[in-house]
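Structure assessment
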Amino acid sequence: MKILEEKILEEGKIYPENVLKVDSFLNHQIDVGLLDVIGEAFYEKYKGKKITKILTIEASGIAIACATAKFFGVPVVFAKKSKSLNIGDDVYVSRVSSFTYGKEYDATISREHLKNDDKVLIVDDFIAIGNAMKGLVEICDQAGAEIVGIGICIEKAFQHGGDDLRQMGYDVTSLAIIDEMTDKGEVIFRD
């Protein structure tokens with residue numbers, strides 16, 4: 001998606017250890033016009049799949065999920081990264097190791113909000129090594145929900161998370177695929 005790639009080139013910043021900072025428009029301060037374009041792009045790709053839920057993980061994926069769900073007219077469900085008192089004990093849980101935060105957490109979803117008849121589109125802002133997405137896949141497996149697609153805004157292809165999910169048989173759509181981030185601060189997109 002050209003508009004997203006241009007935004008990354010204009011405002012993205014490369015930090016040590018292959019961290020791409022896009023918090024000026026995607027996951028801290030949010031460009032809602034761009035978010036609408038992203039939501040519509042995922043809708044156009046998966047509109048024939050009879051999706052019943054948009055699934056993501058807190059916190060950065062929530063805005064993307066909401067923008068996408070608006071086009072599908074379905075609810076958003078997000079996995080919580082820490083168990084709160086109001087979620088109860090009847091939950092699906094997957095242990096996830098976070099690349100960005102360098103720690104592990106339990107991704108948790110109430111069984112009330114994800115069922116075996118759901119057709120799920122998983123969305124998120126980034127995929128690097130893919131642990132968060134694999135955690136959501138595991139939760140969908142626990143629920144018996146069908147994953148009809150995985151929509152990612154930015155894929156860091158050199159970290160292979162998207163490739164892993166494709167090899168597992170999932171239909172992964174990444175709107176901007178980065179093949180390389182150089183020491184000189186360049187971002188090289190896949191053609």
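Structure: see above.
This text gives an overview of the structure that appears in the document. (Residues numbered from 1 in each chain as written. Predicted model: local features only at pLDDT ≥ 70, side-chain atom pairs only at ≥ 80, totals over all residues. Heavy atoms only, no water.)

1. Brief notes about helix H3 (residues 60-72)
Looking at H3, one finds that the buried residues are Gly61, Ile64, Ala65, Ala67, Thr68, Ala69 and Phe72. At its buried positions, H3 is contacted by helix H2 (32-46), strand S3 (53-57), strand S4 (76-79), strand S7 (119-127) and strand S8 (146-156). Positive phi appears at Gly73, one or two residues downstream of H3, with a value of about 70°. (Buried < 20%, exposed > 50% of the residue type's maximum accessible area, 1.4 Å probe, protein only. Helix = DSSP H or I, 4+ residues; strand = E, 2+ residues; numbered from the N terminus. Contact = heavy atoms within 4.5 Å.)

2. Thoughts on the sheet that holds S3
Read from one edge of the open sheet, six strands run S4-S3-S7-S8-S9-S10, paired in mixed fashion. Across the chains shown, the open sheet's two edge strands, defined by having one partner strand only, are S4 and strand S10 (187-189). Neighbour-to-neighbour, the strand axes of this sheet turn through a mean angle of 30°, independent of strand direction. Packing against the sheet, helix H4 (residues 131-143) makes contact with S3, S4, S7 and S8, and its axis sits at approximately 165° to S7. (Pairing = 2+ DSSP bridges. Axes fitted to C-alpha atoms, helices over the stretch in contact; angles between N-to-C directions.)

3. Thoughts on the pairing of S4
Because side chains alternate across S4, one face comprises the buried residues Val77 and Ala79, and the other comprises Val76 and Phe78, none of which is buried. Looking at chain direction, S3 and S4 are connected through four bridges and run parallel. Following the sheet pairing, Thr56 is matched in S4 by Phe78. Each parallel crossover has a hand, and the one from S3 via H3 to S4 is right-handed. (Right-handed = clockwise from strand over helix to strand, strands pointing away.)

4. Details of H2
Its 15 residues give H2 an end-to-end C-alpha distance of 21 Å, which sits within 8% of 21 Å, the value for a rise of 1.5 Å per residue. Where H2 is concerned, the buried positions are Leu34, Leu35, Ile38, Gly39, Phe42 and Tyr46. The buried residues of H2 occupy one face: seen down the axis, they fall within an arc of 140°. At its buried positions, H2 is contacted by helix H1 (2-11), H3, S7, S8 and strand S9 (172-181). If you check the start of H2, you find a side-chain oxygen 3.1 Å away from the backbone N of Gly33, and it comes from Asp31. (Expected span 1.5 Å × (residues − 1). Arc of directions from axis to C-beta. Polar contact = N/O pair within 3.5 Å; in protein donor to acceptor, adjacent residues only side chain to side chain.)

5. A look at the nonpolar core
Note on soluble globular proteins: their nonpolar side chains tend to be buried together. Counting 31 residues, the largest nonpolar core has Leu4, Ile8, Leu20, Ile54 and Ile154 as the members making the most contacts within it. Elements supplying a minimum of two residues to this core: H1, H2, H3, S7, S8, S9 and S10. Filtering out sequence-adjacent residues up to four positions away, Ile154 remains in contact with Leu4, Ile8, Leu20, Val22, Leu26, Asp125, Phe126, Ile127, Ala176 and Ile178. (Core = buried A, V, L, I, M, F, W, Y, C linked by side-chain atoms within 4.5 Å.)

6. Observations regarding the packing of aromatic side chains
Throughout the structure, instances matching the rule amount to two aromatic pairs. Relative to Phe72, the ring of Tyr43 lies with its centre 5.0 Å away and its plane at 70°, an arrangement referred to as edge-to-face. You can see Tyr43 sitting in helix H2 and its partner Phe72 sitting in helix H3, a full 29 residues away along the chain. Residue classification places Tyr43 among the partly exposed positions, given a relative accessible area of 24%. For Phe72, a relative accessible area of 15% puts it in the buried group. Grouped by ring-pair contacts, the aromatic residues Tyr43, Phe71 and Phe72 constitute a single cluster. The positively charged end of Lys45 is found above the aromatic ring belonging to Tyr46, 5.7 Å away from the centroid. (Phe/Tyr/Trp six-rings, centres within 6.5 Å; stacked < 30°, edge-to-face > 60°. Lys NZ or Arg CZ within 6 Å of the ring centre and 35° of its normal.)

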